[in-house]
Amino acid sequence: MAFARTCSVALVGVEGVVVEVQADLEPGVAAFTLVGLPDKSLTESRDRVRAAVVNSGGEWPQKKLTVGLSPASVPKSGSGFDLAVACAVLGAAERIDPRVLADIVMIGELGLDGRVRPVRGVLPAVLAAADAGYEQVVVPECAAAEASLVPGVSVLGIRSLRQLIAVLAGEPVPEEEQDAQGRPDSLTAGLRVPGTGAATGMRGIGAAHSGPDHDLADVVGQPSARTAVEIAAAGGHHLFLEGPPGAGKTMLAERLPGVLPRLAREESLEVTAVHSVAGLLPPGKPLIDVAPYCAPHHSATMQSLVGGGHGIARPGAVSLAHRGVLFLDEAPEFHGRVLDALRQPLESGYVVIARSAGVVRFPAGFLMVLAANPCPCGQFSRRDALCDCPPSVIRRYQARLSGPLLDRVDLRVEVDPVTRAQLTAPGARGEPTATVADRVREARQRAAARFAGTAWRTNGEVPGRELRSRFHAAAGAMEEAERSLERGVLTVRGIDRVLRVAWTVADLAGHDRPDAGDVALALHLRTGVPRGAPLTAGAPT
C-alpha cells in the first residue's frame, strides 16, 4: 500500500481550517474516489487533476486511488484543493518523496494543461496556515504577493504543476512560456469573480475616492454638513444627510473616505482578506491600505447587502465596507427589511449568517452614511413652500427609515440647496481634503492615547456603560442632554451617542474633556435643533 499526505485550507467565511489531503493507492481496478464532504466544484477536481498530471509529463497510477480530505466533518468547496490533491497522488505513486509533502500547505486550481490558476481567499487561507503552525506555503505565482503579506511564512509561487514537481523532486525547474506580450494574462482572471463589480454596486473600492478627483474643496457651502463629515471621520460616527436633489449629499459621501486615516497593518489585512474571499482584490495590488467605499444600488437584495447566497455564504456590502464607508443613497427607496437588517452589524461590528451548509461570521465594522430626500419630490423644506406633496405622503415617505435604525445614527444633518451667491462668490471653495484629514488624524491620535490598553480605537466604538463610568464630561456639561432624556427627546442609547460625539468634538478642538459647548454641538447634530453652539468642531471659523 502506498500512502502520502499534504495540506490545504478550507475557507468558512473569512476563517480558514487546515485540511489534510491524503492519497492512498491499492491494487485493484483503476478508480478515483474523493471523500470528505466535497462540493460539486471540488468533486470535479478528479478530472482536472488527472489531465493536469498527464499533460505535465507525469504518469497517472493505474490502481485503486482514494483521496480523503480530513477532517471529514468540515464542508469543503472550491477548486483550491487541486494542487494538494495532485501532489498527494504523485507522492503516493512515489513520483515525489512523501516526506517532503507532509508539512507544506498547497493552494491553487489546476488547468487541464497543468498550469496553476489563482483562487479566491489566498490571504485568509495563508493566515489560517500560519496560525496552525505551518511555515511553507505553495500558491499560484500571481497570488504570491498576496500570500507574502503574512509574516513568518515561506511562500513559493509557481506557474505550473511541472515546475512544482521539479522543485519538490530536486530536479531542474523548467521554464514556462509567458502569454503573448500585449495580451492580458489569463491566469489573473481567477483573482476577480464576474458579477461582483460595478454592476452590483460594489464600486469605488480602494483609492478611487481618496484622490484629487474627490476633494472636499469641490463642495460649495454646506458648513454644517462638512462639519458633520469631519466629526464622522474623526470618531467613526454614522451620518444621515437629508436634503433636496443636487445639494451635494453624494459629493460629501464620496469624499469621506479621503478624510479617513490610512489603515493600520492589522486593519489592512482584515480588509484585504474580505475582498480576497469576495473575489474583488485588484490584480497587482495585494494589500488594501485605504478605507474602502461601497455604494450599493437601492434595489440591492438582503443577500447582496448583508451577505449570503447558495451554499457557503459570501460577504455582502456591509463586509466589503469593513473599516470604510457604506453609502446608501436614496435610503428610503431601499426595502424596509433590508435596512432593518443593518441594525445588528451596526451595534456589534460583525454579521453572522446561518445556512444549512454552516454558520459564517464576517466582519462588518463600517461607517454608514445615509442620504435621503425630504419627500418624494425632494423639495420639502421648513423654510419655503416649493413642495406639492400632501403631508400624509411626506410622513409615509420619511417613515420608510425606521426609528430603531435612525436611533443608531449619531449625526443627522439637513443639507440646504446651494444658492447662486454661494456658487459664484469669490473663494467659494472650502477647505481641501488634506487639511481636514490632518485634523482628523490628530483627533484620532488623542482618542487612541485615551483608549490605550483597551480594544477600542475610536469614540464610536466605546460602549455606553464605559462612557458613563470611565469617560466623564466636564461638570454640568451634560445637563441639557439629561433634560432631553427626561422630556423623551432622547433615548438612553441616544444620550450615550451624544456623549460619544461630544468626545469627538472635544478631540477635534483639543479639549481634555467635553465641555458644555461640545455637548451642545453634539445635541444639535443629533436632534437637528440648534443649541447656540457654532458648527465648527475645531475647524477655523
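Fair warning: this is a prediction, and the values are worked out from it, not measured in the lab.

Procedures and definitions
- Residue numbers run consecutively from 1 along every chain, following the written order of its sequence.
- Selection of residues for local features in this predicted model requires a pLDDT of at least 70, selection of side-chain atom pairs for listing and counting requires 80 or more, and totals for whole chains, interfaces and linings are taken over all residues.
- Side-chain descriptors were evaluated using all non-hydrogen atoms of the structure, hydrogens and water having been removed beforehand.
- Between rings of Phe, Tyr and Trp, where Trp is taken as its six-membered ring, a pair exists when centres lie within 6.5 Å; planes separated by under 30 degrees are stacked, by over 60 edge-to-face, and by other angles tilted.
- Relative accessible area decides the class of each residue, using a 1.4 Å probe on protein chains only: under 20% of the type maximum gives buried, over 50% gives exposed, and in between gives partly exposed.
- Charges are assigned to positions over rings by a cutoff of 6 Å between ring centre and Lys NZ or Arg CZ, combined with an angular limit of 35 degrees from the ring normal.
- A run of H or I in DSSP counts as a helix once it spans at least four residues, and a run of E counts as a strand once it spans at least two, with each numbered from the N terminus.
- Pairing between two strands requires that DSSP report at least two bridges joining them.
- Whenever a carboxyl oxygen of Asp or Glu lies within 4 Å of a side-chain nitrogen of Lys or Arg, that contact is scored as a salt bridge.
- Working rule for contacts: check all heavy atoms of both residues, and any pair within 4.5 Å makes them a contact.
- Expected span of a helix, by definition, is 1.5 Å for each gap between consecutive residues, and there is one gap fewer than residues.
- Criterion for a disulfide: a pair of cysteine sulfur atoms at a distance within 2.5 Å.
- Inter-axis angles, ranging from 0 to 180 degrees, are taken between N-to-C directions of lines fitted to C-alpha atoms, where helices are fitted over the stretch in contact.
- Note on terminology: angles under 35 degrees are roughly parallel, angles over 145 are roughly antiparallel, angles of 65 to 115 are roughly perpendicular, and the others are oblique.
- The handedness criterion is simple: a crossing whose near helix is rotated anticlockwise from the far helix by less than a right angle is left-handed, and one whose near helix is rotated clockwise is right-handed.
- Residue polarity follows a fixed list, in which Ala, Val, Leu, Ile, Met, Phe, Trp, Tyr, Cys and Pro are nonpolar, Asp, Glu, Lys and Arg are charged, and the others, Gly among them, are polar.
- Distance and chemistry together define a polar contact, namely a pair of N or O atoms within 3.5 Å, with one atom able to donate a hydrogen and the other to accept it when in protein, and with adjacent residues in sequence counting only for side-chain atoms on both sides.
- Exposure above 30% relative accessible area and the absence of a salt bridge qualify a residue for a patch, where like charges join within 9 Å and nonpolar side chains (Val, Leu, Ile, Met, Phe, Trp, Tyr) within 5 Å.
- We get accessible surface area from the Shrake-Rupley algorithm with a probe of 1.4 Å; when it comes to residues, only the shown protein chains can shield them.

Engineer: Outline the packing of aromatic side chains, supporting the account with residue identities and numerical values.
Structural biologist: Aromatic rings in a pair are described by how distant their centres are and how their planes are angled relative to each other. A complete count under the given rule lists six aromatic pairs for this structure. Between Phe 451 and Trp 456 the ring centres are 6.1 Å apart and the planes differ by 85 degrees, which places this aromatic pair in the edge-to-face class. Per residue, the accessibility class of Phe 451 equals that of Trp 456, and both read buried. By the ring-pair criterion, three or more aromatic residues cluster together here, those being Phe 451, Trp 456, Phe 471 and Trp 503. Positioned above the aromatic ring of Tyr 350 is the side chain of Arg 361, whose terminal nitrogen or guanidinium carbon lies 3.7 Å from the ring centre.

Engineer: Got a sec to walk through the pairing of strand S8 (residues 136–140)? Specific residues and values, please.
Structural biologist: The buried fraction of S8 amounts to four of the five residues, a majority that puts the element mostly inside the structure. With three bridges connecting them, strand S5 (residues 104–106) and S8 associate as parallel partners. When the sheet's bridge partners are listed, Ile 104 is paired in S8 with Gln 136. Where S8 meets strand S9 (residues 154–158), five bridges bridge the pair, whose relative direction is parallel. By the bridge assignment, Gln 136 is partnered in S9 with Ser 154.

Engineer: Describe the pattern of salt bridges, listing the residues and the values that go with them.
Structural biologist: Summed over the entire model, instances satisfying the criterion amount to 30 salt bridges. Among the ionic pairs, Glu 333 bridges to Arg 400, the shortest N-O distance being 3.6 Å. Here the residue Glu 333 occupies a position in the loop between strand S14 (325–328) and helix H13 (336–340), and Arg 400 occupies one in the loop between helix H15 (391–398) and helix H16 (403–406), the gap between them amounting to 67 residues. Using a relative accessible area of 36% as the deciding quantity, one classes Glu 333 as partly exposed.

Engineer: Pulling in residues and values, what's your account of unusual backbone geometry?
Structural biologist: Excluding glycine, residues mostly have negative phi values, and the peptide bonds linking residues are mostly trans. Omega for the bond connecting Ser 70 with Pro 71 falls within 30 degrees of zero, at 10 degrees, which places this linkage in the cis form. The topology assignment puts Pro 71 in the loop between strand S4 (64–70) and helix H3 (82–92). Although it is not a glycine, Arg 323 adopts a positive phi angle of roughly 65 degrees. Position of Arg 323 among the secondary structure elements: in the loop between helix H12 (317–320) and S14.

Engineer: So what's going on with the side chain of Thr 504? Residues and values would help.
Structural biologist: Along the chain, Thr 504 falls in helix H21 (residues 492–509). Residues contacting Thr 504, with those up to four places away along its chain left out, are Ile 231, Ala 234, Gly 235, His 237 and Asn 459.

Engineer: Go over helix H10 (residues 265–278) with me, naming the residues and quoting the values.
Structural biologist: The end-to-end C-alpha separation of H10 is 20 Å, in line with the 20 Å expected for 14 residues at 1.5 Å each. By the criterion of burial, H10 is predominantly enclosed, with 11 of the 14 residues buried. Every buried residue of H10 is accounted for by Glu 267, Ser 268, Leu 269, Val 271, Thr 272, Ala 273, Val 274, His 275, Ser 276, Val 277 and Ala 278. Here the buried face of H10 lies against strand S1 (2–12), helix H5 (122–131), helix H6 (144–147), strand S13 (314–315), H12 and strand S16 (358–363).

Engineer: Hey, could you go over the sheet that holds strand S18 (residues 411–414) for me, with residue numbers and the actual values?
Structural biologist: Ordered in space as S11-S14-S17-S10-S18, the five strands form an open sheet in which the pairing is parallel. Both outer strands of the open sheet, strand S11 (293–294) and S18, are each paired with one neighbouring strand and no more. As defined by bridge partners, strand S10 (residues 239–242) adjoins strand S17 (residues 367–372) across four bridges and the pair is classed as parallel. Bridged to Phe 240 within S17 is Leu 370.

Engineer: Account for the state of the cysteines, with residues named and values stated.
Structural biologist: One covalent bond between the sulfur atoms of two cysteine residues makes up a disulfide. Counted under the stated rule, the structure contains zero disulfides. Here Cys 387 is not cross-linked by a disulfide; its sulfur's nearest cysteine counterpart is in Cys 375, at 3.5 Å.

Engineer: Account for the environment of Thr 66, with residues named and values stated.
Structural biologist: Mapped onto the fold, Thr 66 is located in strand S4. Judged by its relative accessible area of 26%, Thr 66 falls in the partly exposed class. Those residues in contact with Thr 66 that sit more than four places away from it in its chain are Gln 22, Ala 23, Asp 24 and Thr 33.

Engineer: Hey, could you go over the packing of H3 against helix H7 (residues 161–169) for me, with residue numbers and the actual values?
Structural biologist: The interhelical angle for the contact between H3 and H7, taken along N-to-C directions, is 45 degrees, at an axis separation of 12 Å. Relative to H7, the element H3 is oriented oblique. With respect to the hand of their crossing, H3 and H7 are arranged in right-handed fashion. Each of Leu 83, Ala 86, Cys 87 and Leu 90 in H3 lies in contact with H7, whose residues at this interface are Leu 161, Leu 164, Ile 165 and Leu 168. Tallied by class, residues from the contact of H3 with H7 come to eight nonpolar, no polar and no charged.

Engineer: Outline the pairing of S18, supporting the account with residue identities and numerical values.
Structural biologist: Residue alternation in S18 divides its side chains into a buried set, Leu 411 and Val 413, and an unburied set, Arg 412 and Glu 414. Pairing of S10 with S18, which is carried by four bridges, proceeds in the parallel orientation. Note on S18: the bridge partner recorded for Glu 242 is Glu 414.

Engineer: Which residues make up the side chain of Lys 249, and what values do they have?
Structural biologist: In this structure, Lys 249 sits in helix H9 (residues 249–259). A polar contact is formed between the side chain of Lys 249 and the backbone oxygen of Pro 244, at a distance of 3.0 Å.

Engineer: Would you mind going over a nonpolar patch on the surface in detail, with residue names and values included?
Structural biologist: Together, Leu 156, Val 167 and Val 173 line one region of the surface with nonpolar side chains, adding up to about 210 Å² of accessible area. Summarising the element assignment, Val 173 is placed in the loop between H7 and helix H8 (223–235).

Engineer: Now, about the environment of Val 105: what can you tell me, with residues and values included?
Structural biologist: The residue Val 105 is located in strand S5 in this model. Judged by relative accessible area, which is 0%, Val 105 ranks as buried. Taking C-alpha positions, Val 105 is 4.8 Å from Val 137, a pair spaced 32 residues apart along the chain. With residues up to four places along the chain from it excluded, the contact list for Val 105 reads Cys 7, Ser 8, Val 9, Ala 129, Tyr 134, Gln 136, Val 137 and Val 138.

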